[in-house]
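# Results of the structural survey
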Amino acid sequence: MLLARDAVHERDVRVPRQEEAEALFEIGRMQADMDVGMMRADALDQPGRQRRRQGVLARQHDEVSGQPRAAPEIVPKLPQPGGERGDPVPVVGGGGPQLHGLAGPVEQLDPQMALDGLDAAGEGRGAQVPPLGRFGKGAGVHHRQDVLEPFKTHASPTSCDSRKLHSDLCDWHAGGQGIKRDPASQKEPSMHLARFPRVSLAHLPTPLERLDRLSRELGGPEIWIKRDDCTGLSTGGNKTRKLEFLMAEAQAQGADLVMTQGATQSNHARQTAAAAARLGMACHLLLEDRTASKDPNYRGNGNVLLDLLHGATTEERPSGLDMNAELESAASAERARGRTVYAIPGGGSNPTGALGYVNCALELVSQANDRGLVIDRLVTATGSAGTQAGLVVGLKALNSGIPCLGFGVRAPRPKQEEMVFALAQRTAEKLGCPGVVSRGDVVADTDYVGPGYGLPREDTIEAIRMFAELEGILLDPVYSGKGAAGLIDYCRKGRFAKGERIVFLHTGGAAALFGYDVVLRRPPEILAAE
Ligand SMILES: Cc1ncc(COP(=O)(O)O)c(C=O)c1O
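Below: a short report on this structure. It should be emphasised that the depicted structure is a prediction, and the values quoted were computed from it without experimental measurement.

### So, the packing of helix α11 (residues 351-371) against helix α13 (residues 413-431)
- Put simply, α11 and α13 touch, their axes get as near as 9 Å, and they point 85° apart. One finds that α11 runs roughly perpendicular with respect to α13. The residues of α13 that touch α11, namely those facing Pro351, Thr352, Ala354, Leu355 and Val358, are Leu423, Arg426, Thr427, Lys430 and Leu431.
- Residue composition of the contact of α11 with α13, grouped by class: six nonpolar, two polar and two charged.

### So, helix α10 (residues 323-336)
- Between its terminal C-alpha atoms α10 stretches 20 Å, which fits the 20 Å expected from 14 residues at 1.5 Å a residue.
- If you check which residues of α10 are buried, you get Met323, Asn324, Leu327, Glu328, Ala330, Ala331 and Glu334. On an axial view of α10, the arc spanned by its buried residues comes to 170°, and they lie on one face.
- In this fold, the buried residues of α10 make contact with β5 (257-263), β6 (282-289), β7 (313-318) and β8 (341-344).
- Near the N-terminus of α10, the side chain that reaches the backbone nitrogen of asparagine 324, with its oxygen 3.2 Å away, is that of aspartate 322.

### Some thoughts on the packing of aromatic side chains
- On inspection of all chains with the given rule, the structure shows seven aromatic pairs.
- Note on phenylalanine 407 and tyrosine 448: the rings are 5.4 Å apart at their centroids and 90° apart in plane angle, and the pair reads as edge-to-face. Within this pair, whereas phenylalanine 407 is found in strand β10 (residues 404-408), its partner tyrosine 448 is found in the loop between β11 (443-445) and α14 (458-471), the two being separated by 41 residues in sequence.
- On the accessibility criterion, tyrosine 448 (6% relative accessible area) is buried.
- Here phenylalanine 467 and phenylalanine 504 contribute two aromatic rings whose centre-to-centre distance is 5.6 Å and whose plane-to-plane angle is 55°, an arrangement assigned as tilted. Of the two residues, phenylalanine 467 sits in helix α14 while phenylalanine 504 sits in strand β12 (residues 501-506), which places them 37 residues apart along the sequence. Like phenylalanine 467, the residue phenylalanine 504 is buried in the burial classification.

### A word on the site of the ligand
- Around the ligand there are 15 residues in total, and Lys239, Lys242, Gly383, Ser384 and Thr507 lie nearest to it.
- Within the side chain of serine 384, an N or O atom sits 2.5 Å from an oxygen atom of the ligand.
- At 2.9 Å, a backbone N or O of alanine 385 approaches an oxygen atom of the ligand.
- Of all the secondary-structure elements, those providing two or more residues to the shell around the ligand are α6 (239-252) and α12 (386-397).
- A class-by-class count of the residues in the shell around the ligand yields two nonpolar, eleven polar and two charged.

### A word on the pattern of salt bridges
- Scanning the model with the defined rule gives 26 salt bridges in all.
- The partner of arginine 317 in a salt bridge is glutamate 315, with the nearest N and O atoms 2.8 Å apart.
- Classification of arginine 317 by relative accessible area gives buried; the value is 14%.
- One salt bridge in this structure joins arginine 457 and aspartate 459, with 2.8 Å as the shortest N-O distance.
- Taking the relative accessible area as the measure of exposure, arginine 457 reaches 31% and is therefore partly exposed.

### Looking at helix α15 (residues 480-492)
- With 13 residues, α15 should reach 18 Å at 1.5 Å per residue; the first-to-last C-alpha distance of 18 Å fits that figure.
- The buried count for α15 comes to twelve of 13 residues, which makes it a mostly enclosed element.
- Within the span of α15, buried status applies to Ser480, Gly481, Lys482, Gly483, Ala484, Ala485, Gly486, Leu487, Ile488, Asp489, Tyr490 and Cys491.
- Just downstream of α15, glycine 494 is the residue with a positive phi angle, here 70°.

How each quantity is defined
Residues numbered from 1 in each chain as written. Predicted model: local features only at pLDDT ≥ 70, side-chain atom pairs only at ≥ 80, totals over all residues. Heavy atoms only, no water. Axes fitted to C-alpha atoms, helices over the stretch in contact; angles between N-to-C directions. Helix = DSSP H or I, 4+ residues; strand = E, 2+ residues; numbered from the N terminus. Parallel < 35°, antiparallel > 145°, perpendicular 65-115°, else oblique. Contact = heavy atoms within 4.5 Å. Nonpolar A, V, L, I, M, F, W, Y, C, P; charged D, E, K, R; others polar. Expected span 1.5 Å × (residues − 1). Buried < 20%, exposed > 50% of the residue type's maximum accessible area, 1.4 Å probe, protein only. Arc of directions from axis to C-beta. Polar contact = N/O pair within 3.5 Å; in protein donor to acceptor, adjacent residues only side chain to side chain. Phe/Tyr/Trp six-rings, centres within 6.5 Å; stacked < 30°, edge-to-face > 60°. Near = heavy atom within 4 Å. Salt bridge = Lys/Arg side-chain N within 4 Å of Asp/Glu carboxyl O.

Geometric values such as these leave the question of function open.
This is the structure in structure tokens:
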């Protein structure tokens with residue numbers, strides 16, 4: 001193995017020597033060819049097969065830095081439990097893992113922090129909407145030339161070989177560092193998500209699209225977007241994927257009441273309410289007043305309105321409480337009344353929910369491989385940690401070589417990274433690949449939080465306007481707007497190399513825009529002066 005430097009992740013990455021890379025590439029190709037669907041598709045789509053192979057080989061050297069790349073891509077075809085959209089998905093997987101949690105404590109992942117109040121005093125400062133087209137009309141985006149290399153063809157291995165290939169990949173990840181794999185996990189390939197109970201809620205796969213106008217405007221990397229704002233379920237967002245696994249557990253436990261907690265404008269609460277409605281369960285939400293905003297739209301519009309439309313009941317809590325403890329005590333009270341309660345921790349962030357983002361990693365790598373698209377980095381907003389944790393586990397377990405950068409929305413960096421790493425470790429254990437994620441794989445930049453959770457800053461609003469005006473895409477002021485502000489700033493400061501292909505995971509949240517109309521209507525010069 002060789003070492004190369006990743007500037008954003010500030011780490012040395014292990015890269016295979018040429019002969020090791022070729023061997024791993026062979027393994028990846030064979031694993032991909034295992035999938036009957038892909039073999040069929042390949043038979044019909046020789047040009048697509050050629051592009052995929054070109055993408056994999058092009059990855060072995062970075063054209064910008066000249067450094068060898070982190071790892072060759074492995075191209076397993078995505079398993080979509082239940083097959084095509086709409087097919088029934090078994091609620092409890094045969095031979096699946098034990099279920100826990102009916103009476104167990106709610107997980108503590110998101111400790112409270114004191115937050116400043118939202119400045120709603122901008123009312124009356126004018127409702128002037130900034131002029132359209134402020135971000136200019138540039139020339140076309142330049143694309144890198146992928147290296148064209150000839151390819152050998154491979155015979156498909158037997159199903160027995162599949163386990164051996166998976167084992168080889170895990171051993172390669174362990175890098176001879178003595179990571180012990182659970183003997184039980186060696187019996188099951190770690191990315192075999194169909195082993196887990198899951199209910200079909202999401203519109204998958206979500207689109208992967210190139211943002212030409214934004215890329216041109218920023219003049220640096222090629223920016224792509226993974227549209228998890230289009231997952232469906234009450235305007236969509238990242239919680240749909242998590243809820244597929246969480247709500248299947250709720251069903252398996254015979255729950256008649258689902259309870260969760262979040263901020264007043266919580267997207268997680270709104271999507272949980274929608275999932276419960278869809279599955280015929282009652283839903284009760286504890287909503288924490290984290291911003292102290294008195295704006296009637298913040299308090300009653302946006303996600304709050306949708307919670308009510310989905311038939312959920314809500315209860316307010318003041319800021320600063322341990323909300324997961326509040327949830328557990330409210331759930332206990334309902335259990336004492338005879339309800340069968342399934343309590344979901346804030347953000348749906350536990351190992352079960354994080355499986356949704358392991359699945360997203362699978363989906364993304366498969367899309368990239370199908371198109372011959374070399375992804376250099378994935379960036380996302382990170383809050384209660386489940387999204388980034390699941391992504392990091394999935395990307396590592398797949399040996400994708402794609403680092404994931406989180407832009408924090410609440411906690412300071414050390415705490416955020418610890419939360420993500422701790423959850424990633426637990427998710428990897430659940431998945432059957434303990435030790436696949438190391439501490440250095442988890443990077444969160446929290447410089448774009450601004451004044452606090454739920455309090456957008458000037459750069460948040462600018463990011464929302466840029467995506468809206470240049471790409472017709474709606475972000476939100478609490479999560480995706482802050483993630484995009486980080487992305488934009490990194491591009492402007494040259495922290496991503498020119499030509500790098502960055503995928504921004506759009507985690508949704510646009511329903512909250514209607515709770516923030518006052519600040520969104522403020523002209524940029526007033527925002528800048530604040
Ligand atoms: C729109 C949106 N984006 C991103 C996040 C952050 O995801 P996670 O809490 O899994 O870190 C959330 C969490 O609530 C969200 O609602």
